[in-house]
Amino acid sequence: MEISNHVDTNSHLPPNPLQRQQQQQQQQQQQHRQTLSPLPFWARFYFYGMHGLLDEIVFTALFDLVFEPEGNRQLKGYSTLSSFFIYGSCSFVMESCFIYCTKRGYPVSVRLAMYVLAAYLWEFTSGLVLRQLGACSWDYSHYPLNLLGLVTLVYAPGWLFLGLLQDYMYRYLFSLHVVKGKFLKAN
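Now for a description of the structure that goes with this document. Everything numeric here is computed off the predicted structure, so don't read it as measured data.

A few points about the side chain of Arg44
For Arg44, the position within the fold is in helix H2 (residues 41-67). With relative accessibility at 11%, the residue Arg44 sits in the buried group. Here Arg44 is in contact with Leu39, Phe92, Glu95 and Phe174, once residues within four sequence places are set aside.

A look at the pattern of salt bridges
A complete count under the given rule lists two salt bridges for this structure. Among the salt bridges present, the one from Arg44 reaches Glu95, with a minimum N-O distance of 2.8 Å. Placement of Arg44 in helix H2 and of Glu95 in helix H3 (residues 81-103) is noted, with a sequence separation of 51 residues between them. Measuring nitrogen to oxygen at the nearest pair gives 2.8 Å for the salt bridge that ties Asp167 to Arg111. Of the two residues, Asp167 is situated in helix H5 (residues 156-175) and Arg111 in helix H4 (residues 108-132); the sequence distance between them amounts to 56 residues. Exposure class is identical for Asp167 and Arg111. Each is buried.

Cut-offs applied
- Residue indices follow the written sequence of each chain, beginning from 1 at its first position.
- Residues qualify for local features only when their pLDDT is at least 70, as the model is predicted, and side-chain atom pairs are given and counted only at 80 or more; totals for whole chains, interfaces and linings, by contrast, use all residues.
- The basis for the side-chain values is all heavy atoms of the structure; hydrogens and waters are excluded.
- Helical segments are the DSSP runs of H or I of at least four residues, strand segments are the runs of E of at least two, and each set is numbered from the N terminus.
- For every residue, the accessible area obtained with a 1.4 Å probe (protein chains only) is divided by the maximum for its type, and the residue is called buried under 20%, exposed over 50%, and partly exposed between those limits.
- The contact criterion used is simple: two residues touch if any of their non-hydrogen atoms lie within 4.5 Å.
- Take a side-chain nitrogen of Lys or Arg and a carboxyl oxygen of Asp or Glu: if they are within 4 Å of each other, that pair is a salt bridge.

The following block contains the structure:
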């Protein structure tokens, strides 16, 4: 057995500037990871509510342009403030479904079916509540395949598209984190 008395003569030298910069970057990344927290509830709810309002305005403008007899050349869309809370709360609940399904490896087709079903249930339930308060702003009685004028299967392709969009938004929003009051995209 041979014992080496070799001493590393470079160990006493300070690191070169490139090594020092890399060490500093690693330390900063480690500190950021320790202080990262997910986007807060209120920020996600706000995003979902505002996104829902925008979706509804764009959808109604385009739907009326294509399917209404007189058309909608001015592309006027419409919504109400209650939609902010309806979309915000529904999307927030569906966020939990997204987490549940992705952790278990469910394919996007299963998640989309859940999103569309949830959208119909949420729209129907909130419509019933708002109708009791005299505040329901929609009535689909003139469309085929409607239930009490609160939901219609005519909108199924739109809900399917929005479900797919929502699936991508969940992934994006979960990649955002807060560090000391600042939003940033995590690596």
